[in-house]
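For reference, the chains in residue letters:
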There are 2 protein chains.
Amino acid sequence: MSEQETSREKPRSYLESGVNIALADQFVGRIKSLTGLTSSKDSSRLLPGAGGYAAVYKTDSGLNVACTTDGVGSKLLLCEELNRFDTIGIDLVAMCANDLICVGAAPALFLDYYACGSLDLNRSTSLIEGIVAGCKLADMLLVGGETAEMPDLYQTNHFDLAGFAVGFVGEGKLLTGQSLRDGDLVVAVSSSGLHSNGFSLARKLIPEGSPLRAELLTPTEIYVRPFLQVLNELGSDLTGAANITGGGWTNLLRLSKDCGYALKAMELSPVFEELARHVEPAELYRTFNMGMGFAVMVRSAEAARAAIDIFARAGFAASVQGHVKDGHGVEIDCGKTTIFLE
Amino acid sequence: MSEQETSREKPRSYLESGVNIALADQFVGRIKSLTGLTSSKDSSRLLPGAGGYAAVYKTDSGLNVACTTDGVGSKLLLCEELNRFDTIGIDLVAMCANDLICVGAAPALFLDYYACGSLDLNRSTSLIEGIVAGCKLADMLLVGGETAEMPDLYQTNHFDLAGFAVGFVGEGKLLTGQSLRDGDLVVAVSSSGLHSNGFSLARKLIPEGSPLRAELLTPTEIYVRPFLQVLNELGSDLTGAANITGGGWTNLLRLSKDCGYALKAMELSPVFEELARHVEPAELYRTFNMGMGFAVMVRSAEAARAAIDIFARAGFAASVQGHVKDGHGVEIDCGKTTIFLE
């Protein structure tokens, strides 16, 4: 594959980097129609967790169980290239834990799937050390995992990782996105970099040898602790939360079909500045988090201040970057230009 | 990789097929020492589910939540070779659901991770159709999943699948293996073939073009419904259950350090007969299920008859193949020879 890559022009979109989001969306549509056919009495137990970030299942005991799965995409390949395996496990946990909290769940249990071409004991141990570190940050227990050595499927140094997370949604804590309304403020919480999305494109735009290349490996922030505090303290003044993953700022649109957003761009770190030199703004904001790793929607300026304080005490910069509005789509004021995503 | 394979002698063990179980065991040891360090107050909530087949977590509501993850190994590569993608999803669900029931959990929720080099809509839809079919057989809801298109990690036609399952353990239903004792009977429930383990070796021993090759794809049996009935009807006369996966008949040893097993071999289907032509008996029984897909341990002959009846009504052949005994290891009477696994 790498020969083919280097002989090509630099891609300017996610599609050109070999990842077809439109086709993926079509596939998701088919999955939905298939799973719709699983008409079980149990499906009435599924609660409308915000944005499909996690499935939420109501049990007879009154407890709501949330679960989700995610991977770290081709950030994996950068680990191999830079021979650094101790933090990608943090990314893996972060991707799942940050999804769980979007439905109001407190993360509790984590399991990993680790597949490789050849089991290297030191590298594998580093991977697990990262997962354990991530679990501590997310207050989760690593309770299981599967290690698969498949020499005929993965090249010797290649591997893949998937994470599975279970959390519990307390009484009255479920976030559905249904209470979002015109005028709610959007508190953007800063990301640590690309997190774990957009790497098929980013790896091609930030060349090997660039000082920014190693920075791409910075692990994904884990927002669990401050966010759960916001959830507890703000109550119904918290109207939604979005983990900004693949799809960039369009993730906000997952929460409700009935509203749009008017936002201004965040200040860009050098990595995002570099990406912006190659990619059109609309593609940038629908692929990367562009500095906003997580978004929290609140009812009032006072609630925004409270949320910002809580995040600040946990070491996260947060700021009001705009508001929810009637209509649809995400409008982003980028200074010189304004873009609109839908 | 395939050139390398065909230029080699046929492997006669799992190690020679490129999979190093001893190294994997060493890795699991390291994981255990690492996760032991996650000394959280929450770890006291982990219950001793039998054999580590699934993690069991006690919640404040009194409900016990079980979860597990698994893949289908290199059976995947056979799907590509035979261009048949509609049943491997059944295997994926089966691998997880059959693990969950070993701790006494009723499977409820399933999520999949699907990674590929290039998203082919028809193939991907077949994969999901298989997963949905498996979920129906296991009475689970498919509640989520992650699809990752990673052209630089997977070859165009390659893909990997991982499954994640959540179940609930009813009051008094937890199976721990601690009540197993000398004289308990072992009811072996027939497998449908190799299920989803040992394919790195089996694909090399049963050559392309062999009429047995397509048979290798037969989906893994899902034992959920009859087993849950056995669990309900037998109560404390059911003393253990083991899903026979990677590790073959040594899976029985996962349940308790304090007992061994005296068993006789099952009648072998043509696929297992063929494998037996190439592989030493001890290696055979520690790699493949050799006809026993699932084992149920019961206190009495009457309980064994009841279990066999329940499985028979669900279409599964089951028979008493031996008993639990003081000591350790699995002794298997293979007719001409007796082997001992530990």
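Remember, it's a predicted structure, so these values are computed and weren't measured experimentally.

Reading the values: rules and limits
- Residues numbered from 1 in each chain as written.
- Chains lettered and ligands numbered in written order.
- Predicted model: local features only at pLDDT ≥ 70, side-chain atom pairs only at ≥ 80, totals over all residues.
- Helix = DSSP H or I, 4+ residues; strand = E, 2+ residues; numbered from the N terminus.
- Rg over C-alpha atoms; globule rule 2.2 N^0.38 Å.
- Contact = placed C-beta atoms within 7 Å.
- Domains from an automatic or database assignment.
- Nonpolar A, V, L, I, M, F, W, Y, C, P; charged D, E, K, R; others polar.
- Pairing = 2+ DSSP bridges.
- Axes fitted to C-alpha atoms, helices over the stretch in contact; angles between N-to-C directions.
- Buried ≥ 20, exposed ≤ 12 C-beta atoms within 10 Å, placed from the backbone.
- Parallel < 35°, antiparallel > 145°, perpendicular 65-115°, else oblique.
- Left-handed = near helix turned anticlockwise from the far one by under 90°.
- Least-squares fit on C-alpha atoms with pLDDT ≥ 70 in both.
- Expected span 1.5 Å × (residues − 1).
- Arc of directions from axis to C-beta.
- pLDDT = per-residue confidence, 0-100.

A. Molecular detail of the overall build of chain A. Within chain A, the secondary structure is distributed over eleven helices and 13 strands. Taking 342 residues into account, the globule formula puts the C-alpha radius of gyration at 20 Å, and chain A, at 20 Å, falls close to it. Oriented by its inertia axes, the alpha-carbon framework of chain A measures out at about 55 × 50 × 45 Å. Taking the intrachain contacts of chain A between residues at least 6 apart in sequence as the baseline, contacts between residues at least 24 apart amount to 82%.

B. Seen up close, the domain arrangement of chain A. Residues and elements named next belong to chain A. As assigned here, chain A comprises domain 1 (46–169) and domain 2 (185–341). If you list the elements that add at least two residues to the side of domain 1 that touches domain 2, you get α3 (75–82), α4 (88–100), β4 (105–116) and α5 (121–137). Of the residues forming the side of domain 1 that touches domain 2, the biggest block, eight residues, is contributed by α4. Grouping the constituent residues of the side of domain 1 that touches domain 2 by class yields 18 nonpolar, eight polar and five charged.

C. Quick peek at the sheet that holds strand β6 (residues 159–169) of chain A. Residues and elements named next belong to chain A. Spatial strand order, β1-β2-β3-β6-β4-β5: six strands in an open sheet with mixed pairing. Edge positions in the sheet fall to β1 (46–47) and β5 (141–149), since each has one partner strand and no second. Running at roughly 35° to β6, α4 makes contact with β3 (64–71), β4 and β6 of the sheet.

D. Here's a closer look at unusual backbone geometry. Residues and elements named next belong to chain A. Positive phi, normally seen in glycine, also occurs at D139, with a value near 55°. In this fold, D139 is placed in the loop between α5 and β5. A count of 17 C-beta atoms within 10 Å places D139 in the partly exposed class.

E. Structural view of the interface of chain A and chain B. In this assembly, 68 residues from chain A lie in contact with 69 residues from chain B. Secondary structure elements with two or more residues in the side of chain A that touches chain B: α2 (21–36), β2 (55–58), β3, α3, β4, α5, β5 and β6 of chain A. Top contributing element to the side of chain A that touches chain B by residue count: β5(A), with nine residues. Grouping the amino acids of the side of chain A that touches chain B by side-chain chemistry returns 37 nonpolar, 22 polar and nine charged.

F. Highlighting the packing of helix α8 (residues 224–234) of chain B against helix α11 (residues 301–313) of chain B. Residues and elements named next belong to chain B. With their axes 9 Å apart at the nearest point, α8 and α11 run at an angle of 150° to one another. Compared by their axis directions, α8 and α11 come out roughly antiparallel. Like other packed secondary-structure pairs, α8 and α11 cross with a definite hand, here right-handed. Taken together, the residues of α11 that come into contact with α8 (itself represented by P226, Q229, V230, E233 and L234) are A303, A306, A307, I310 and F311.

G. Inspection of the relation of the copies chain A and chain B at higher detail. When chain A is fitted onto chain B, the two copies agree to an RMSD of 0.0 Å after a turn of 180° and an axial shift of 0.0 Å. Such a combination of rotation and displacement between the chain copies is what one expects of a two-fold axis. A symmetric contact is evident, with 100% of the interface residues of chain A recurring at the interface of chain B.

H. Here's a closer look at the environment of B:A97. Residue and element names in this part refer to chain B. The residue A97 is located in helix α4 (residues 88–101) in this model. Exposure remark for A97: the 31 C-beta atoms within 10 Å place this residue in the buried category. Separated by 198 residues in sequence, A97 and A295 have C-alpha atoms that sit 15 Å apart. Among all residues touching A97, those that are not within four sequence positions of it are P107, A138, M140, A165, I222 and V224.

I. Just the sheet that holds strand β7 (residues 185–190) of chain A, in detail. Residue and element names in this part refer to chain A. Within the open sheet, the seven strands sit side by side as β8-β10-β7-β11-β9-β12-β13. Their pairing is mixed. At either margin of the open sheet sits one strand with a lone partner, and together these are β8 (238–243) and β13 (338–341). Across the sheet, the mean angle separating the axes of adjacent strands is 25° when strand polarity is ignored. As defined by bridge partners, strand β12 (residues 330–333) adjoins β13 across four bridges and the pair is classed as antiparallel. What sits directly across from D333, in β13, is T338.

J. Examining the packing of α4(B) against helix α5 (residues 121–137) of chain B more closely. All names here are of chain B. Closest axis-to-axis distance for the α4/α5 pair is 6 Å, and the angle between their directions is 40°. As the angle between them shows, α4 and α5 are arranged oblique. Read as a crossing pair, α4 and α5 show a hand that is right-handed. Contacts from I88, G89, I90, L92, V93 and A94 in α4 reach L127, I128, E129, G130, I131, A133, G134 and C135 in α5.

K. Expanded view of α11(B). Residues and elements named next belong to chain B. Relative to the 18 Å expected for 13 residues at 1.5 Å per residue, α11 spans 18 Å between its end C-alpha atoms, a close match to the ideal helical length. Residues of α11 that are buried include every one of A303, A304, A307, I308, I310 and F311, and no others. All buried residues of α11 lie within an arc of 160° about the axis, which places them on one face of the element. Those residues of α11 that are exposed and aimed more than 90 degrees away from the buried face are A301, E302, A312 and R313. Backbone geometry just downstream of α11 places G315 in the positive-phi region, at approximately 90°.

L. Quick look at α4(B). Counted at 1.5 Å a residue, the expected span for α4(B) with its 14 residues is 20 Å, and the 20 Å between its end C-alpha atoms agrees. In terms of burial, α4(B) is a largely internal element, 14 of the 14 residues being buried.

M. Layout of the pairing of strand β9 (residues 259–264) of chain B. Residues and elements named next belong to chain B. As judged from the five bridges shared by β9 and strand β11 (residues 318–326), these two strands associate in the antiparallel manner. Looking at the pairing, L263 lines up with G322 of β11. Strand direction decides the pairing type here: β9 and strand β12 (residues 330–333), joined by four bridges, are parallel. Looking at the pairing, L263 lines up with I332 of β12.

N. Expanded view of the pairing of strand β3 (residues 64–71) of chain B. All names here are of chain B. Of all eight residues in β3, eight are buried; the element is thus mostly enclosed. As judged from the four bridges shared by strand β2 (residues 55–58) and β3, these two strands associate in the antiparallel manner. Counterpart to V56 in the pairing with β3 is A66. Where β3 and strand β6 (residues 159–169) come together, eight bridges link them in antiparallel fashion. The residue of β6 that forms the bridge with G71 is A162.

O. The confidence of the model for chain A, seen in detail. All names here are of chain A. When pLDDT is averaged across chain A, the result is 91; 94% of the residues are at 70 or more. In the model, residues 1–8 has pLDDT below 50 throughout and makes three contacts with residues more than four positions away in sequence or in other chains. As a predicted assembly, this complex carries a pTM of 0.92 together with an ipTM value of 0.91.

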